[in-house]
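Residue strings, one per chain:
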Amino acid sequence: MTRRLTAHLFYSVNGVAESPNLWQFDAFGPEEGQMMGRAISGGTDVVIGRKLWQEWSQYWPNADASDPFGQFINPVRKHVVSRTLSGTLGWNIAVIDSDPAAYVARLKQEGAGDILLVGGIETTRSLFLAGVVDALTLTVHPVATPEGRRLFDESVPVTRLRLIDSAITSAGNAVLTYALRD
């Protein structure tokens, strides 16, 4: 059985995905928290880009043990996309130092449970465009921000998507889940 790989990014209405902690604060309510809880509940593996892994590896291993995300992210096996990391890294890490799409395609064929792509804009972009991401959820916050990197920037060719789910939260977020269109 093939495992599912899902990704979830917070997004501004003008397409910024970078540093949502700087602009989502007043549009993240209980519904968004519940949605994130459901998203991580079946995850047994995480794929993450090197930069985000470096940030999280400094914070989450030492975070309050009662934090629900900490309870998830600390024990789960993490697959870090990197050409520069090596050696024993701890925090339950496997380094993806070869073709990430091929690695993830193999990972989807082994084990059980969902695989969550938790970030890195470039990592998410490349794996989604390679067709190995089964579902990409964008939580679009009702905010425009003047700067920040975008998931679908000028490097992305015209790419057709298929909407597979949608919802509007009481905080005014549009939660849109897409797959690549055949």
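Everything discussed here concerns the structure shown above.
### What about the packing of aromatic side chains?
Taken as a whole, this structure holds five aromatic pairs when the rule is applied. Ring centres of Phe 69 and Phe 72 lie 5.9 Å apart, and the angle between their planes is 50°; this geometry places the pair in the tilted category. Taken together, the residues Phe 69 and Phe 72, both in helix H3 (residues 68–73) and three residues apart, mark about one turn of the helix. You can call Phe 72 buried: its relative accessible area is 10%.

### As for the nonpolar core
Residues Val 47, Leu 127 and Leu 138 are the most contacted members of the largest nonpolar core, which totals 26 residues. Those elements that place two or more of their residues in this core are strand S1 (5–12), strand S4 (93–96), helix H4 (100–107), strand S5 (114–119), helix H5 (121–129), strand S6 (135–141) and strand S8 (174–180). Each residue touching Val 47, except ones within four places of it in the same chain, is listed here: His 79, Val 81, Ile 96, Val 104, Leu 107, Ile 115, Leu 116, Leu 117, Val 118, Gly 119, Thr 123 and Leu 127. Ranked by size, the runner-up nonpolar core spans 18 residues in total, among them Ile 40, Val 46, Ile 48 and Leu 52.

### Quick look at the pairing of S1
For a regular strand, the rule is simple: side chains alternate between the two faces of the sheet. Summarising burial for S1: eight of the eight residues are buried, a large majority. By the alternation rule, side chains of S1 split into Leu 5, Ala 7, Leu 9 and Tyr 11 and Thr 6, His 8, Phe 10 and Ser 12, which are all buried. Note: S1 against S5, three bridges, orientation parallel. Residue pairing across strands places Leu 5 opposite Ile 115, the latter belonging to S5. Two elements, S1 and S6, share seven bridges in a ladder whose sense is parallel. Considered in S6, the bridge of Ser 12 is made with His 141.

### Examining the sheet that holds strand S7 (residues 161–168)
Backbone-to-backbone hydrogen bonds join strands into a sheet, with any given pair of strands oriented parallel or antiparallel. The strand order S4-S3-S2-S5-S1-S6-S8-S7 describes an open sheet built from eight strands, whose pairing is mixed. The open sheet has two free edges, formed respectively by S4 and S7, since each of these has just one partner strand. In this sheet, adjacent strand axes meet at a mean angle of 25° when their direction is disregarded. Bridge count for strand S2 (residues 43–49) against strand S3 (residues 77–81) is five bridges, and the pairing is parallel.

### Some thoughts on the pattern of salt bridges
Throughout the structure, instances matching the rule amount to five salt bridges. Ionic pairing is found between Asp 134 and Lys 108, a salt bridge with its closest N-O pair at 3.0 Å. Taken together, the residues span a long stretch of sequence, with Asp 134 in the loop between H5 and S6 and Lys 108 in the loop between H4 and S5 at a distance of 26 residues. One connected set of salt bridges, linked through shared partners, spans Glu 18, Glu 122 and Arg 149.

Conventions adopted
- Residues numbered from 1 in each chain as written.
- Predicted model: local features only at pLDDT ≥ 70, side-chain atom pairs only at ≥ 80, totals over all residues.
- Heavy atoms only, no water.
- Phe/Tyr/Trp six-rings, centres within 6.5 Å; stacked < 30°, edge-to-face > 60°.
- Helix = DSSP H or I, 4+ residues; strand = E, 2+ residues; numbered from the N terminus.
- Buried < 20%, exposed > 50% of the residue type's maximum accessible area, 1.4 Å probe, protein only.
- Core = buried A, V, L, I, M, F, W, Y, C linked by side-chain atoms within 4.5 Å.
- Contact = heavy atoms within 4.5 Å.
- Pairing = 2+ DSSP bridges.
- Axes fitted to C-alpha atoms, helices over the stretch in contact; angles between N-to-C directions.
- Salt bridge = Lys/Arg side-chain N within 4 Å of Asp/Glu carboxyl O.

In short, the description is geometric, and any link to function would need to be established separately.
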